[in-house]
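Summary of structural features
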Amino acid sequence: MKTHHCVSMVPLFNHLSGEDQEQIDRLVSHRHFHKGETIWQPGNDPLLIIVARGTLKVYMISFSGREQLLRILNPGDYEGVNTLLGAMAQDIFIDSITDTEVCLLREKDFTALLSRTPQLALKLLELYAQRMADTENQTRFLTMENVETRLATYLQALSRQVSPSSRLTLPMKMKDPASYLGTTPETLSRKLHNLEDKEIISRKGRKLRILSPSGLNELAEN
């Protein structure tokens, strides 16, 4: 399998010198996972998981057995820092949405890196603070009572990630954005049809185009 210089893709590491990045790159292992495979689950050894190619989803299983999507990981994203730092492992699962290539860094290697690279520890604190802010935003997001409001807010955020652009692609199957939005695939499908009927969006499968940014903004503010 072709290896990837994952270290240079990740904000946690790409501010380091080229020499430091090369040293870290020699510590990571490279793995390929097929679509639908579980990469990490409760009980596994702590690992830093860096996405080199493909897409992963991070989710939890509720007491009722329902899957709650937490976030989507794209190339350059990573997961696992909390457990590497000794935090009690969350009941999270990480699955591949597509065929995926990842780079894995073991706990002992990560701990050694932190002890000899002070600037890495500072960058970790900065990114952790941003992750906490994102978590707070998602919590507020899920308290929105109206599913259409959540959907409009989500589409706006997705649009800002791609340029911004009026042409979007849902990054996952319908059940995954439905889980992220705290609703069912059937309800999400109906709400998307409603937006089409109002000529706020047009849609073909997972491909979306925002026809009325002002209409979407009005829904997001409701």
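Residues numbered from 1 in each chain as written. Predicted model: local features only at pLDDT ≥ 70, side-chain atom pairs only at ≥ 80, totals over all residues. Heavy atoms only, no water.

**Thoughts on the nonpolar core**
Ranked by internal contacts, the top residues of the largest apolar core, which has 23 residues, are Leu151, Tyr154, Leu155, Leu195, Ile201 and Leu216. Elements with a minimum of two residues in this core: β5 (67-73), α5 (147-161), α7 (185-197), β11 (207-210) and α8 (213-220). At five residues, the largest contribution of residues to this core is made by α5. In terms of nonpolar packing, the next biggest core, distinct from the first, is built from 22 residues, Val7, Phe13, Ile24 and Leu48 among them. (Core = buried A, V, L, I, M, F, W, Y, C linked by side-chain atoms within 4.5 Å. Buried < 20%, exposed > 50% of the residue type's maximum accessible area, 1.4 Å probe, protein only. Helix = DSSP H or I, 4+ residues; strand = E, 2+ residues; numbered from the N terminus.)

**Considering the sheet that holds strand β1 (residues 29-33)**
Within a sheet, each strand pairs with its neighbour through backbone hydrogen bonds, oriented either parallel or antiparallel. Read from one edge to the other, the open sheet built from four strands follows the order β1-β8-β3-β6, with strand pairing classed as antiparallel. Lying at the two open borders of the sheet, with one neighbouring strand each, are β1 and β6 (78-79). Looking at chain direction, strand β3 (residues 47-53) and strand β8 (residues 100-106) are connected through six bridges and run antiparallel. Within β8, the position partnered with Leu48 by the bridge is Leu105. Together, β3 and β8 form the strand contacts of helix α3 (residues 107-116), whose direction differs from that of β8 by roughly 65 degrees. (Pairing = 2+ DSSP bridges. Contact = heavy atoms within 4.5 Å. Axes fitted to C-alpha atoms, helices over the stretch in contact; angles between N-to-C directions.)

**Regarding the sheet that holds β5**
Spatially, the four strands line up as an open sheet ordered β2-β7-β4-β5, and their pairing is antiparallel. Strands with a single pairing partner mark the edges of an open sheet, and in this sheet they are β2 (38-40) and β5. The sheet shows a mean angle of 35 degrees between the axes of neighbouring strands, direction not considered. Alignment of β2 against strand β7 (residues 92-96), held across two bridges, turns out to be antiparallel. Among the inter-strand pairings, Thr38 is bridged to a residue of β7, identified as Asp95.

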